[in-house]
Protein chains: 4
Amino acid sequence: MTPLFRLLNIAAILDQALDFKEIAIDIDIMIQPENKLKQGWDVIVLAAAISAAIVTPLSIIFHLTRFSLLNLFNGLLVILFLVDIVVSSNTTFSLHGEIISDRKAITKKYLRGWFWPDLIAALPVGLLFFISGLLTAGGPLQLLRLNLLFKLPKASRTLSRTGGARVNPAILRLVLLVFWIFLAAHFISCSWILISGNPDGLDPVSLYIRSFYWTITTLTTIGYGDITPSGNIQTLFVVLIELIGAGMYGLIIGNIANLIANIDVAKSQYKEKLEKINTFLKYRNIPVSMQKKINNYYSYLWESRRGYDEFSVLQDLPDHLKVSVSLYLNKEIIEKVPIFQGAGEDFIKEIILNLTPVVFTPGDSIVKAGEVGFDMYFISKGSVDVMSADERIHYATLGSGQFFGEIALLLSMPRTATIKAREYCDLYRLDKDTFDRVLSRYPEFAETITAMAEKRSSEIQAASAGKKDQ
Amino acid sequence: MTPLFRLLNIAAILDQALDFKEIAIDIDIMIQPENKLKQGWDVIVLAAAISAAIVTPLSIIFHLTRFSLLNLFNGLLVILFLVDIVVSSNTTFSLHGEIISDRKAITKKYLRGWFWPDLIAALPVGLLFFISGLLTAGGPLQLLRLNLLFKLPKASRTLSRTGGARVNPAILRLVLLVFWIFLAAHFISCSWILISGNPDGLDPVSLYIRSFYWTITTLTTIGYGDITPSGNIQTLFVVLIELIGAGMYGLIIGNIANLIANIDVAKSQYKEKLEKINTFLKYRNIPVSMQKKINNYYSYLWESRRGYDEFSVLQDLPDHLKVSVSLYLNKEIIEKVPIFQGAGEDFIKEIILNLTPVVFTPGDSIVKAGEVGFDMYFISKGSVDVMSADERIHYATLGSGQFFGEIALLLSMPRTATIKAREYCDLYRLDKDTFDRVLSRYPEFAETITAMAEKRSSEIQAASAGKKDQ
Amino acid sequence: MTPLFRLLNIAAILDQALDFKEIAIDIDIMIQPENKLKQGWDVIVLAAAISAAIVTPLSIIFHLTRFSLLNLFNGLLVILFLVDIVVSSNTTFSLHGEIISDRKAITKKYLRGWFWPDLIAALPVGLLFFISGLLTAGGPLQLLRLNLLFKLPKASRTLSRTGGARVNPAILRLVLLVFWIFLAAHFISCSWILISGNPDGLDPVSLYIRSFYWTITTLTTIGYGDITPSGNIQTLFVVLIELIGAGMYGLIIGNIANLIANIDVAKSQYKEKLEKINTFLKYRNIPVSMQKKINNYYSYLWESRRGYDEFSVLQDLPDHLKVSVSLYLNKEIIEKVPIFQGAGEDFIKEIILNLTPVVFTPGDSIVKAGEVGFDMYFISKGSVDVMSADERIHYATLGSGQFFGEIALLLSMPRTATIKAREYCDLYRLDKDTFDRVLSRYPEFAETITAMAEKRSSEIQAASAGKKDQ
Amino acid sequence: MTPLFRLLNIAAILDQALDFKEIAIDIDIMIQPENKLKQGWDVIVLAAAISAAIVTPLSIIFHLTRFSLLNLFNGLLVILFLVDIVVSSNTTFSLHGEIISDRKAITKKYLRGWFWPDLIAALPVGLLFFISGLLTAGGPLQLLRLNLLFKLPKASRTLSRTGGARVNPAILRLVLLVFWIFLAAHFISCSWILISGNPDGLDPVSLYIRSFYWTITTLTTIGYGDITPSGNIQTLFVVLIELIGAGMYGLIIGNIANLIANIDVAKSQYKEKLEKINTFLKYRNIPVSMQKKINNYYSYLWESRRGYDEFSVLQDLPDHLKVSVSLYLNKEIIEKVPIFQGAGEDFIKEIILNLTPVVFTPGDSIVKAGEVGFDMYFISKGSVDVMSADERIHYATLGSGQFFGEIALLLSMPRTATIKAREYCDLYRLDKDTFDRVLSRYPEFAETITAMAEKRSSEIQAASAGKKDQ
């Protein structure tokens, strides 16, 4: 097997037969589907396929086949589509995240999939007509030139893939739906001109506009009735379009509301929940100030989380991925909290996987002096006040990246201070069981945190004593 | 920075340029968005925006630009919209329940949001035409006068916010949908007149009615066909309207049933549940009297609770808010039950958060004499009979705000009496674990309740002995 | 207060004024709403209200006011509606299952509810016209005669209540929807005749049919366009009808599919589940014979239970009702199982509330000889084979109402025999914990069942020995 | 009872009366409904019923009754339908999977069900008309010939049953819906010709096409209005069709979107989930490489499981069936894992019912050397690397059908090696509790697995020692 043949693959046979060898540039390096140039190429093919789908039917009904610009356009398309076959047969694909660059596997996949429509679309029917003098042959034969449309499905796949990465999927589906409906309406309009002719002797533009108008009037089931079929063939065509239109309309109506609802599922679910809560609050005559507080809490939750329940998403993942995502999400905490700095990866994982996110509203007591505590807290966002039991003496303010509650856990004594949220606070709670387990496994962590706890505990006692003396 | 400039903010520049300094009343005090006057002002702006949206297109198609009343109206609108810019740039806003009255923050927010549409809407295009003599200039230039419509989105937001506080949100959405459809139909009607002219030489009112009739006939997809387009421009316009109409119709159909279903979600869920239960009862041939009893139970639940599950709503709230709401909801119990009077807030919270609501139907035995009991009950609504074990001797009737079942718990003895519900009773159950925990923490409560329990226990024994003697 | 006045209530005043005293039959006994005669009366009023709704608009548009039969009909209606006021003000109502027969409460409820529409409907407008000579007065005044329509809402409530007891609620809603649409179409047809007149000079029947045809053509959004409005009033009327039609159509489309889906929710849920299971079975290539077995199991479940989960329905009920329903559902077991006969109600309740329903397919081993067992079983439906451990010796066949498995539980020995289901069996399982608890509380039950167990155990040993000897 | 009579059943009486005795072939052997020949016969009857439904109305409206081919066709149909009665009365049916071949039960079921429509359809009305000379009698009498349509419901049942076994049920429902709509449109078209006649004097084909065109234009609510009713009867007919059309359209629109959504429920649920996860990943700015890994994991889950949760399906089945299905699904494991070979069925069941499926992504650590382990694993798909604790020494690669993790469980020692997934792995986990329970019950299994564990443990130590020596 010559290397050239290996490169050009089955597409090469075709190329040789059609004498397009010159475009067979030696590209022995495989093309990655996520390569920017490849994606650009796909967009060009997409644009070509769509313009072919629009222009070809028009050229057939208005007998524009002699028109040299059109023949040039057709020639360009054939070249483009042939190159695309070469490109496609040299593009790797991925399976479960593994990139398959084995030429055999690629060829096999291509031959079983998009090769045949690609090939049909690349057949130079228009040019053959031009060469063979069949150019002016009318009717059914001309329809063969619609072979270009075989490129459309692949192009639409490009559209959905390209868009999929950037656009909201519900909006994308809506756009694709509209795109297909417009294309279908274009084909129906052209067919109607083909079948009904031009009884009023209109100029091409007016004729097409009237035909398009008739199509849309019928598809939307409006049916003014100013344009109606007269012969049997026209009547049967109209029946067909009406049936398609009815189905299409059902599809659209079933989809539009659905799609609009899905543009922001999280937001609409959030709104629904809030509505339910507010109805309850109103029904039970909860005072307006309390209603506002509750609404503020939910609006905070929404703005800081967009209604996503981190936990349920993570729970579905296997352990390996769960750790990666958790580490990433909490990387600020890990970077800020001094205990974690320089700690081993295993130790951090152990802690991270056992943190529970909790929210406190402004003024909430997080721990109360004198109570027995079973949790320590890391501050992810917001700030808290450390105060004496009677809330008269203000010891300190802790901010994001700091932690508290470890004294009671380590030294087995009641909470030494009351801690209140100053604003909305996102905290992570670490419960005593995990705390003790981790301490026993990682003695170096135990030492660090005990030293810190004792230092802080004595500080509080000093501050408390000092302030009492005042 | 002069105080005046600080006050008028960016709006001031505009005001000075347009010589409307007289309206720049010194309002250095910030406006609260929930101020009654501010809300009244918003309603005035809303009314102005809607009337502008209705009148301006009519004035364009019927060339009413010379009409002095209209110019007066336009002048008024410009003044109103300019004042609204001043008002808006002096209105505080709230973020997570905190009121932001910092001038810089307000200005920044306003400039990034509603300022530009507000400014465009306030441009005195109509007046400029009047002054510059362009008044009679026709066609496209006149469309510039639609700048007033830029005020509509903000106005519609006022509508939804004002309504939102009072009206069922599903009804509000329905009303807004209808409002927007009517406005759209109005614009379409005016456009149709602009494009199709007045071929039948109708008077303005008839012309508008016919155009509106054509619009609605098309949007509802009825399409009588008595008015159809003739030129290319008209035809293309109709195609556009038909496509909009089809989408709009899909939206409406998708929404109406949905909205109607959501007007009372709780009720429809309740009905569905009842329907399911009744089908089961019928299928299993449960006797009619039992079916009625079950239906009565559910109708009681509905009438006393509207299908809200208090528990699930409270469970989602953070502790601080949960306590506040629970205290409020049970404030009648707290006020009526003697033990709570004068008790500390902490003690009440402890009890309140641990009460479980239960319902008993008339005739149900709540406790049975001789059984070992693990709960005590507070009566929230309804009344119960205290009876001897054989139900022959009636000791007492307890009503809302009273409690029972504490004897068996305190004195570790079997229930001393049988207690039956006289009617539908809403009780709160306090289980033994919480009871014991609270007793140990609050010895003063232990004393009060023990004294009461002993007194009542001896009363029952006396009554029982007395009645047996009879 | 005279007794007569007390009886006739506020309706009496009206009666006296209108000199209809003769219908004030002394009915001091209160009418129960579920009385058969009362329900018959409601159906008569319903029929009268519907026929009034159909006839009155026709009589107005065709000027049939001189027609004596119509006046007789109107007179009859007035009498009927007046009597209905008397009847309604003497009908008790129920609140949470309690029948309220207090005259004051009834009067208050009636005056706040249906009294006013009842009163308006009963005003003898038609007769007044007849008497006052206004009979031939045309136009707007005649519309006053539509006062009879005020009876419709109440009548439709009768319809839904009467049907509700017998018909599937989804079908009933569908019927009500169709009924209201037909009535609306009738009113629209009549209004169209009133507004458009009779330009083609048709006979009344043809005129009405054409008008009704136009109405339906418009409401269904078909809009042939053979009948179109001409003046401003007609055009505005058509716009109104189109808007109503669009809304109505949205409602119908949103409802029909929904209603059809709800005609048999249980069945469609069952079908959906089965479909899902079968797709799974096919995808995993489960052998056809196994697929059939699984399908048979589900078809049995469906045919014997209609997809109802008895447990979840019962769980929602309060204890008192749960016991009643359980006792009823299991009354066959209670009647058949010898242990229950003559047992106390408390004992039966205790057992019944702790039974768990289980299904076995033909050939399933329920207990295996030699195993340690923790449950006994009551046979509710089907039959089982009692066999030796090697399944060679067949000891007995037990059928519905019998029980087994008690030997191992009572005598603390391994299962003495293997028991297999002969066909689909509905059993109730009683677990060891409940069994022991009940035994300790009810010693008489312990004795009975121990005696039975020992007798049966020795029988099996004898049989086993006997068969082995063979 | 003569055998012949017993055979032909009630159908025999009919046969004798009509002198069709010759077709009463002696088929004393019962026909099974799943017999291939029987199913072929059903398809023939289905085709006959559909062609009768299409041809008969056409023959009535175009007065084709003299046409000899039609009479032949009618004769054939009658014979076919009579034979079908004989066939049906000799076909067994199944009840809960039991095949009922008792002639009495079959006859009873048939007489209560399909016999009467079968009989009516088989009445030779057309032939009677031919014989009696009523052939040319017009109008209402001819409608009697529609008796053939009584065969349609049964035929449609054949259609749904035949398709049900092979086709996606959602697609089948869509096809059936389209089939019924086409048949309905055919009947409506024929009725319209019957009622409106042939005013334009068209040839039969054109007349039918126009009528069909009118029908579809009306049913899809397009309503061009080029064909409109003129007399009262025509108008009423149109009203009827419009009402049917409106309902039908609601049904279709309500169904199409629903059906399309249901063609692959599993896929659309999977897509929805993935969409949700991706929105979350994007919102939280998870790095693209991690996003891809997570997407790959879900795409693997989809491709290997199609979104089916094996567990939830099995959980619903009774024990007997659960074991059968589990054994089948895991038969590869059972065949490959050496411990299972030659083991008793009870032992295998015990293990199989306690396996939990788990998935590991490439690179995941399944067990870590030095940790205390509580599970052993069977590899169902994929391969794993056995490595030293520092992952430097590679001991072995285990593939599908092998197991690991048993050493730590058996010998109560920490994991001797680290095991990592090489690729996506489907494993089954067996937890320590089940493991210990099974070991104690099946000592022979304990010996086998202990021997294997010790051998492997020493191999690893040898390998580890050997590699360390290098």
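For the structure, see preceding data.
To keep things clear, this report deals only with the structure shown in the data block. Being a predicted model, the structure only gives us computed values, none of them experimental. (Residues numbered from 1 in each chain as written. Chains lettered and ligands numbered in written order. Predicted model: local features only at pLDDT ≥ 70, side-chain atom pairs only at ≥ 80, totals over all residues. Heavy atoms only, no water.)

**Digging into the nonpolar core**
Under the convention used in this document: Nonpolar core, defined: a set of buried Ala, Val, Leu, Ile, Met, Phe, Trp, Tyr and Cys residues in which side-chain atoms within 4.5 Å join the residues together. Note on exposure labels: buried denotes an accessible area under 20% of the residue type's maximum, exposed denotes more than 50%, and partly exposed covers the range between, all computed with a 1.4 Å probe on protein chains only. We call two residues contacting when some pair of their heavy atoms lies within 4.5 Å.
Trp214 of chain A, Trp214 of chain B, Trp214 of chain C together with Trp214 of chain D are the most contacted members of the largest nonpolar core, which has 99 residues in total. In contact with Trp214 of chain B, other than residues within four places in its own chain, are Tyr224 of chain A together with Ile188, Trp192, Ile227, Phe237, Val238 and Ile241 of chain B.

**Looking at the interface of chain D and chain A**
Condition: The term buried area denotes the loss of accessible surface (1.4 Å probe radius) that occurs when two parts are joined, taken as the sum for both partners. Any Lys or Arg side-chain nitrogen located within 4 Å of an Asp or Glu carboxyl oxygen qualifies as a salt bridge. Distance and chemistry together define a polar contact, namely a pair of N or O atoms within 3.5 Å, with one atom able to donate a hydrogen and the other to accept it when in protein, and with adjacent residues in sequence counting only for side-chain atoms on both sides. The numbering of helices and of strands both runs from the N terminus, where a helix is a DSSP run of H or I of at least 4 residues and a strand a run of E of at least 2. Note that Gly is not counted as nonpolar here; it falls among the polar residues with everything else outside the nonpolar set of Ala, Val, Leu, Ile, Met, Phe, Trp, Tyr, Cys and Pro and the charged set of Asp, Glu, Lys and Arg.
Facing 48 residues of chain D, the contacting portion of chain A comprises 50 residues. Carbon and sulfur atoms supply 64% of the area that chain D and chain A bury against each other, a total of about 4100 Å² over both sides. For the interface between chain D and chain A, the tally reads 0 salt bridges. Applying the counting rule to chain D against chain A returns 5 residue pairs in polar contact (both at pLDDT 80 or more). Looking at which element gives the most residues to the side of chain D that touches chain A, the answer is helix α13 (residues 288-305) of chain D, with 10 residues. In terms of residue class, the side of chain D that touches chain A is built from 25 nonpolar, 11 polar and 12 charged.

**A short note on the environment of Arg422 of chain D**
Residues and elements named next belong to chain D. Considering the arrangement of structural elements, one finds Arg422 in the loop between β9 (418-421) and β10 (425-431). Judged by relative accessible area, which is 46%, Arg422 ranks as partly exposed. A sequence separation of 39 residues divides Arg422 from Ser383, and the C-alpha atoms of the two residues are 5.7 Å apart. Arg422 has contacts with Pro362, Ser383, Val384, Asp385 and Thr397, leaving out every residue within four places of it along the chain.

**Quick notes on the relation of the copies chain C and chain B**
Selection criterion: Least squares is the method for superposing the copies, and the C-alpha atoms it fits come from residues with pLDDT of at least 70 in both.
With an RMSD of 0.1 Å, the fit of chain C onto chain B corresponds to turning through 90° and sliding 0.0 Å along the axis. When the rotation and shift are considered jointly, the pair of chain copies conforms to a four-fold rotation axis. Counting the interface residues of chain C, we find that no more than 14% of their copies in chain B are interface residues as well, pointing to two distinct contact surfaces.

**A word on the interface of chain C and chain B**
On the chain B side, the residues contacting the 49 residues of chain C number 47 residues. Linking chain C to chain B there are 0 salt bridges. Along the contact surface separating chain C from chain B lie 5 residue pairs in polar contact (both at pLDDT 80 or more). Elements that contribute at least two residues to the side of chain C that touches chain B include exactly α8 (169-196), α9 (204-219), α10 (232-262), α12 (288-305), α13 (310-315) and α14 (319-329) of chain C. No other element matches the 14 residues that α10 of chain C contributes to the side of chain C that touches chain B.

**Things to note about the pattern of salt bridges**
Scanning the entire structure with this criterion turns up 36 salt bridges over all chains. Of the charged contacts, one joins Asp118 of chain D and Lys151 of chain D as a salt bridge, the two residues approaching to 3.1 Å between their closest N and O atoms. One end of the pair, Asp118 of chain D, is in helix α5 (residues 115-122); the other, Lys151 of chain D, is in the loop between α7 (140-143) and α8 (152-164), and 33 residues separate them in sequence. Across the pair, exposure class does not vary: Asp118 of chain D and Lys151 of chain D are buried alike. When salt bridges that share partners are traced, they join Asp84, Asp118, Lys151 and Lys154 of chain A into one network.

**What to know about the sheet that holds strand β8 (residues 403-404) of chain B**
Note on sheets: strands pair through backbone hydrogen bonds, and any given pair is parallel or antiparallel. Here is the rule: At least two DSSP bridges between two strands are required for those strands to pair.
The 4 strands are arranged β3-β10-β5-β8 (chain B) in an open sheet whose pairing can be described as antiparallel. Of all the strands in the sheet, just β3 (356-360) and β8 of chain B have a single pairing partner and so form its edges.

**Here's the deal with the sheet that holds strand β8 (residues 403-404) of chain A**
Residue and element names in this part refer to chain A. Rules: A fitted line through C-alpha atoms serves as each axis, taken over the contacting stretch for helices, and the angle formed by two N-to-C directions is quoted from 0 to 180°.
Spatially, β3-β10-β5-β8 is the arrangement adopted by the 4 strands of the open sheet, whose pairing is antiparallel. Edge strands, defined here as strands with exactly one partner in the open sheet, are β3 (356-360) and β8. In the packing of helix α12 (residues 288-305) onto the sheet, the strands contacted are β3, β5 (375-381) and β10 (425-431), and the crossing angle to β3 comes to about 135°.

**Focus: the relation of the copies chain D and chain A**
With an axial shift of 0.0 Å and an RMSD of 0.1 Å, the rotation relating chain D to chain A amounts to 90°. Interface residue correspondence from chain D to chain A reaches only 15%, placing this contact among heterologous pairings that use different surfaces.

**With respect to the environment of Arg305 of chain A**
With respect to the secondary-structure elements, Arg305 of chain A resides in helix α12. Judged by its relative accessible area of 21%, Arg305 of chain A is partly exposed.

**Quick word on helix α4 (residues 103-112) of chain C**
The α-helix winds at 3.6 residues per turn, so residues separated by three or four positions along the chain end up facing the same way. Residue and element names in this part refer to chain C. Stated precisely, the cut-off is as follows: Our arc is simply the arc of the directions from the helix axis toward the C-beta atoms.
Within α4, the full set of buried residues consists of Arg103, Ile106, Thr107 and Tyr110. With its buried residues spanning 95° around the axis, α4 presents them on a single face. Away from the buried face of α4 by more than 90 degrees, exposed residues Lys104, Lys108 and Arg112 are located.

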